[in-house]
Amino acid sequence: MKPRAWLPAAAALLLAACSPAGAPPADADYHRAESMRPDDAALAERWERSCRLCHTTRGPAPLAGHAPSWRPRLAQGPAVLLQRAREGFNTMPPRGLCADCSDEDLLRLIDFMSRPR
Ligand code: HEC
């Protein structure tokens, strides 16, 4: 082993431990998120053209179906999550780009993507 070859690994571990979202998603988590689809056809259609664009891809949005990404968000309670989904939050756009999503749709979509798979 080269001297100091362990440093990047140690740094990565430290970063992961400090991340507020917990363990970062692995490739398999992204693959699973990409294949997720609500059972309800109308909800699935909304999912496909809105939330899915950001919540199944690499970026700042909590990954669909990935428990560690959602744990600190869920801890805020459903009222905060709905309010932020409705009004937007940082780079999360208002209504998640789903102009015709009702509050009930938003709650169902949040429930769908925050449930661990
Ligand atoms: C254009 C990208 C984008 C789309 C589309 C999108 N989101 Fe998000 N969403 C984000 C990002 C980025 C965050 C993280 C914001 C932050 O924590 O700074 C986020 C965070 C959230 C959160 C967590 C808020 C919190 O309080 O922690 C919820 C709930 C959410 N999105 C719901 C939805 C729903 C429901 C949809 C579809 C109707 C949707 N999002 C569509 C980008 C998106």
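The structure we're discussing is the one just above.
Attention in this report is confined to the structure presented alongside it. Quick caveat: nothing in here was measured; it's all calculated off a predicted structure.

### Brief notes about the site of the ligand
Every one of the 24 residues lining the ligand counts as a neighbour, but C51, C54, H55, R73 and M92 are closest to it. Q76 places a side-chain nitrogen or oxygen 2.9 Å from an oxygen atom of the ligand. Mapped by element, the contributors of at least two residues to the shell around the ligand are α4 (51–55), α5 (67–74), α6 (78–87) and α7 (103–114). Residue contributions to the shell around the ligand peak at four residues, all from α7.

### Points about the packing of aromatic side chains
The final tally for this structure, using the stated rule, is one aromatic pair. Measuring from ring centre to ring centre gives 4.9 Å for W47 and F112, while their planes differ by 80 degrees; the resulting arrangement is edge-to-face. Of this pair, W47 sits in helix α3 (residues 41–49) while F112 sits in helix α7, placing them 65 residues apart in sequence. Looking at R58, its charged tip hangs above the ring of Y30, at a distance of 4.0 Å from the centre.

### Regarding the state of the cysteines
Disulfides are covalent bonds that connect the sulfur atoms of two cysteines. The final tally for this structure, using the stated rule, is one disulfide. Shown here is the disulfide that connects C98 with C101, its sulfur atoms set 2.1 Å apart. Since a negative S-S torsion denotes a left-handed disulfide, the C98-C101 link at about 80 degrees is right-handed. Assigned by exposure class, C98 and C101 land together as buried.

Reading guide: rules and limits
- Residues numbered from 1 in each chain as written.
- Predicted model: local features only at pLDDT ≥ 70, side-chain atom pairs only at ≥ 80, totals over all residues.
- Heavy atoms only, no water.
- Near = heavy atom within 4 Å.
- Polar contact = N/O pair within 3.5 Å; in protein donor to acceptor, adjacent residues only side chain to side chain.
- Helix = DSSP H or I, 4+ residues; strand = E, 2+ residues; numbered from the N terminus.
- Phe/Tyr/Trp six-rings, centres within 6.5 Å; stacked < 30°, edge-to-face > 60°.
- Lys NZ or Arg CZ within 6 Å of the ring centre and 35° of its normal.
- Disulfide = S-S within 2.5 Å.
- Buried < 20%, exposed > 50% of the residue type's maximum accessible area, 1.4 Å probe, protein only.

Read these as geometric descriptors, not functional statements.
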